[in-house]
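Architecture and fold: a report
Listed below, chain by chain, are the residues.
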Number of protein chains: 2
Amino acid sequence: MAKVQPRTLSGFMELLPARQAQFDRMADTLKKTYALYGFTALDTPLIESSEVLLAKGGGETEKQIYRFMKGDTDLSLRFDLTVPLAKYVAQNYSQLTFPFRRFQIGKVYRGERAQRGRFREFYQADIDIIGDGKLDISNEAEIPSIIYKAFTALGLKRFQIRVNNRKILNGFYSMLGLEEKSGDIMRTVDKLDKIGPDKVAGLLVAEDIGLTREQADEILKFIAIKGSNAEVLSALEGYRGRHELFDLGLDELKTVTGYLAAFGVPETHFAVDLTIARGLDYYTGTVYETTMLDHPEIGSICSGGRYDSLAEYYTDKQLPGVGISIGLTRLFFVLEDQGYLNDEMNTAPADVLILPMTEDLAPAIALATQLRSEGIRAQLYTEQKKFKQKMAYADKLSIPYVAFLGEDEISRNAVSVKDMASGEQTTVSVADAAAKIKAAIALRADLAPIKEP
Amino acid sequence: MAKVQPRTLSGFMELLPARQAQFDRMADTLKKTYALYGFTALDTPLIESSEVLLAKGGGETEKQIYRFMKGDTDLSLRFDLTVPLAKYVAQNYSQLTFPFRRFQIGKVYRGERAQRGRFREFYQADIDIIGDGKLDISNEAEIPSIIYKAFTALGLKRFQIRVNNRKILNGFYSMLGLEEKSGDIMRTVDKLDKIGPDKVAGLLVAEDIGLTREQADEILKFIAIKGSNAEVLSALEGYRGRHELFDLGLDELKTVTGYLAAFGVPETHFAVDLTIARGLDYYTGTVYETTMLDHPEIGSICSGGRYDSLAEYYTDKQLPGVGISIGLTRLFFVLEDQGYLNDEMNTAPADVLILPMTEDLAPAIALATQLRSEGIRAQLYTEQKKFKQKMAYADKLSIPYVAFLGEDEISRNAVSVKDMASGEQTTVSVADAAAKIKAAIALRADLAPIKEP
């Protein structure tokens, strides 16, 4: 028979089993963390009507959409989890309770140009808090604490959550009489890390934005405000009283930073950073980016912010919210690439491999059943292979224990257990074997999926 | 602004939060069960090259495929989890360890005609065990024990796993000189439950299959063999010695049924049923179907079997396997429809809602942080609402406890906790509050997602 070459599409991550276990542990850790803060899980369809999904229309993203006809229906694959959330909230408004806190970890699709570390199918891990008409500022303070908790639970230590407030930026630009151009300016300033201040200034005075040199200098001076959070906030106080929106933003930023200590976020992991704008027009308050301190070149690994209107394309209801998104597939790729994955984590498909040494499998099956009833992942190995091959099977899969059950063990109501790491082998009662294996699993159960090199 | 009507595509399940929690609990229960037997998790792409996905070609399914072009690439959404597994195993053969046990719970896509209870996007929950060249029969005996364990863990009690062996059927048809027609015959016999014996006989003697009346009668007599497993096996012994393949199949069936007691599957939940054929040509040994005893009209809720060649379209390697699939979305729909979902399960997004009664949120934040550190899902409620509305929030979301923290509690280093079910409210130390809430969560933590009415 002619064979088709088995292959996976470029830009689609498909992992070998041990790596998959590491990825899944990361996703599970995020789920557990999000759940601790009262977020409920959602799982929306991957396909939506194009009319619904692209209601907002236009933009960079639209070109990347996987869009196609099925019969006479115009369909698109979701390209983020925010638009489906907006649809969901608008559609189910009367049945939801606000503030509505949801998390979703799911695949999204963007037909980007294929290149290393860029994915066309990738997971996003999102949380959002949606208010009905209003949403208290304290939610904006809670978000960085969740980011902190999430990355800490994953095992990452050297990261920093950078926070700004769009009202401060918009207010500042209004002071300069540039409110009309604030969108363009912020998109340009957002490139500061990548292209540096001189080129940003060049773009600001160039024809399509058209600032004066003085205005550009004012802006660069403003976003150059650096220092400890207290120093930055103090410098910002120098601008107070010149514009209402600015003053409001400064109050919000002070509230958010003020609560962070109460939320347990250390000062080392948090910075007020006036260069953060998030190049999206819909953020209206606090904005967040998160960077790995040793890999700033990777950019933000968790971004988001406050918006005033989640679902304006679907409903007249005012639905303000705050949310963040982690690009999990890209993060995993980067972590693997940089050697950050914790290979001490147990990635074996089983905790113990049971080798029956008798014709009758019943005693081995009974042993497996008993171990499983105690929560031990027990695999029976029943293939007709040489002993050495059976041991090699456990070894290749990194299964930590092998249990032998021969006539001798069966007659003594015992089992021989080999610790594959130490090579030590003992014959013990089934209860003792279970206790030993459980203790060993427990020791490794809390190993985080990330270990900084 | 003109609004787009928010809507979800027909045939796509999108759940409200409490239902989603029940669905997720079902999926988690399956994951945990599969993992206990040494299956490793895989997560393959939803999109594959059409050439790869449709290598097998033809068939009913192809018309239902979501197939489209992106640029000049011909893509298809997966319509099951078996073909992507075959591709994966062929592609990664040298890096996998055999027998390779994997589970996958993922969405698949079929553009079926829209009707109630039929889904175009739906979850399958699959396990497969793939051998390299050979695979021991004991694996075929283990599968029903996993099915038994999985449904029992879900809370389902009244179900039956029906087992047959394709070698018995193929051997039997060979005895009648009908091996060439066995595929057609089995597809017809497979309809027995739906259309009854007379119509099956009619189809068998009709032109396109063309059996004699005697042959049709022999077949109906054979598949009419009923009774306890021992009785059916005994009746089958009457055919022994007439065809080698039949005898081999009978031996396999006896081995599989023989081990089931050792695996802890009660006789009540297991039946040898000669009418089970699975209308797919690639099954070659044991085949399984699982029915709800009180809802036979739903058909099989978990099906599968032994196949000799997983990936023949991609590789010359002989990769025999055995696997089953649960159509999870449809099962969930049926369970909801029939009132089988356990509404006593905790579906709230949080275990406790914390209501700060002071201007300064710091004490409430500290309380939330402490409760979370003990694994309690604690949500801060900080919106500016009336007390009654705050309580209504907890009530609507079925959050079991509300914790109040006013000046009085703070000064006493205590917290007032209201049990929303009983209405009882007590002021206790934070440690006592945590213990109380944890105990209450633990009581409900093991509630299965299914409760038979």
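See the structure shown above.
The residue numbers shown here count from 1 along each chain, following its written sequence. Lettering of chains starts at A and numbering of ligands starts at 1, both following the order in which they are written. The predicted nature of this model means local features are confined to residues of pLDDT at least 70 and side-chain atom pairs, given and counted, to a pLDDT of 80 or more, with totals for whole chains, interfaces and linings taken over all residues. Where side-chain values are given, they derive from all heavy atoms of the structure, hydrogens and water being excluded.

Attention shifts here to the overall build of chain A. Of the regular secondary structure elements, chain A holds 16 helices and 16 strands. Buried residues in chain A amount to 58% of all 453 residues. Only the protein chains shown count as cover for residues, and the accessible areas themselves come from Shrake-Rupley with a 1.4 Å probe. With an accessible surface of roughly 18,400 Å², chain A has 49% of that area assigned to carbon and sulfur atoms. Positive charges come from Lys and Arg alone, negative charges from Asp and Glu alone, with His and the N- and C-terminal ends not counted. Charged groups are reduced to one reference atom each: NZ for lysine, CZ for arginine, CG for aspartic acid, CD for glutamic acid. In chain A, 55 positive and 63 negative side-chain charges are present, and the distance between their average locations comes to 5 Å. Each helix corresponds to a stretch of at least 4 residues labelled H or I by DSSP, and each strand to a stretch of at least 2 residues labelled E; elements are numbered beginning at the N terminus. Exposure is judged per residue with a 1.4 Å probe applied to protein chains only, and the accessible area is read against the type maximum: over 50% gives exposed, under 20% gives buried, and values in between give partly exposed.

A few words now on the sheet that holds strand E2 (residues 47-49) of chain A. Residue and element names in this part refer to chain A. At least two bridges found by DSSP between two strands is the condition for calling them paired. Reading across the sheet, the three strands line up as E2-E4-E3 and stay open at both edges, with antiparallel pairing between neighbours. Strands with a single pairing partner mark the edges of an open sheet, and in this sheet they are E2 and strand E3 (67-70). Taken pair by pair, the neighbouring strands of this sheet meet at an average axis angle of 40°, ignoring direction. Bridge count for E3 against strand E4 (residues 73-77) is four bridges, and the pairing is antiparallel. Residue pairing across strands places Lys-70 opposite Thr-73, the latter belonging to E4. Angles shown run from 0 to 180 degrees and are taken between the N-to-C directions of axes, each axis being a line fitted to C-alpha atoms and, for helices, limited to the stretch in contact.

We now examine the interface of chain A and chain B. Between two residues, a contact is recorded if the distance between any of their heavy atoms is within 4.5 Å. Each side of the interface is counted separately: chain A has 98 residues, and chain B has 98 residues. Defined in terms of a 1.4 Å probe, buried area is the accessible area two parts forfeit on being brought together, summed over both. Interface of chain A and chain B: buried area, both sides summed, is about 8,200 Å²; carbon and sulfur atoms make up 57% of it. Salt bridge, as applied in this entry: a Lys or Arg side-chain nitrogen positioned within 4 Å of an Asp or Glu carboxyl oxygen. Run the count over chain A and chain B and you get ten salt bridges. The salt bridge involving Arg-7 of chain B is made with Glu-51 of chain A; its shortest N-O contact spans 2.9 Å. Polar contacts here mean pairs of N or O atoms no more than 3.5 Å apart (in protein, one a potential hydrogen donor and the other a potential acceptor; neighbouring residues in sequence count only if both atoms are side-chain atoms). Inspection of the region where chain A meets chain B yields 49 residue pairs in polar contact (both at pLDDT 80 or more). If you tally residues by element for the side of chain A that touches chain B, the top one is helix H1 (residues 17-36) of chain A, at six residues. When residues are sorted by character, Ala, Val, Leu, Ile, Met, Phe, Trp, Tyr, Cys and Pro go into the nonpolar class, Asp, Glu, Lys and Arg into the charged class, and all the rest, Gly among them, into the polar class. Here the residues of the side of chain A that touches chain B sort into 51 nonpolar, 22 polar and 25 charged.

Least-squares fitting of one copy onto the other uses the C-alpha atoms of those residues that reach a pLDDT of at least 70 in both copies. In the superposition of chain A on chain B (RMSD 0.0 Å, axial shift 0.0 Å), the rotation amounts to 180°. Taken together, the rotation and translation describe the operation of a two-fold axis. Nearest to the rotation axis, the C-alpha of Phe-68 of chain A is located 3.0 Å from it, this being the minimum over chain A. A share of 100% of interface residues in chain A that are also interface residues in chain B marks the association as one of identical surfaces.

Take a probe with the size of a water molecule and roll it over the atoms, and the empty space left behind shows itself. For each structure, a 1 Å grid was placed over the protein atoms alone; sets of points admitting a 1.4 Å probe that cannot get out are labelled cavities, open sets with protein on both sides within 12 Å along at least five of seven lines are labelled pockets, and lining residues have an atom within 4 Å of a point. Grid points are joined across faces, edges and corners, and a volume is the space filled by probe spheres set on the points. This model, assessed by the stated rule, comprises six cavities of 30 Å³ or more. A volume near 110 Å³ is recorded for the largest cavity. In terms of lining, the largest cavity is formed by Asp-43 of chain A together with Met-13, Leu-15, Gln-20, Phe-23, Lys-107, Glu-121, Phe-122, Tyr-123 and Thr-329 of chain B. Tallying contributions element by element places strand E6 (residues 121-130) of chain B first for the lining of the largest cavity, with three residues.

Residue and element names in this part refer to chain A. Among the secondary structure elements, Lys-167 is positioned in helix H6 (residues 166-175). C-alpha of Lys-167 to C-alpha of Asp-247: the two residues are 80 residues apart in sequence and 8.3 Å apart in space. When neighbours within four sequence positions are excluded, Lys-167 is seen to be in contact with Leu-245, Phe-246, Leu-248, Gly-249, Glu-252, Thr-284 and Gly-285. Within the structure, the side chain of Lys-167 is placed 3.0 Å from the side chain of Glu-252, a separation counted as a polar contact.

Now for the sheet that holds strand E15 (residues 414-419) of chain B. Residue and element names in this part refer to chain B. The mixed open sheet is built from five strands, whose spatial order is E13-E12-E14-E15-E16. Edge positions in the open sheet fall to strand E13 (378-380) and strand E16 (425-429), since each of these has one partner strand only. Across the sheet, the mean angle from the axis of one strand to that of its neighbour is 30°, orientation sign disregarded. Relative to E13, strand E12 (residues 352-356) is paired through three bridges, and the arrangement is parallel. Looking at the pairing, Leu-353 lines up with Gln-379 of E13. Its contacts with the sheet put helix H14 (residues 387-396) on E12, E13, strand E14 (401-405) and E15, and the angle it makes with E12 is roughly 165°.

Coordinates in, geometry out; function isn't part of it.
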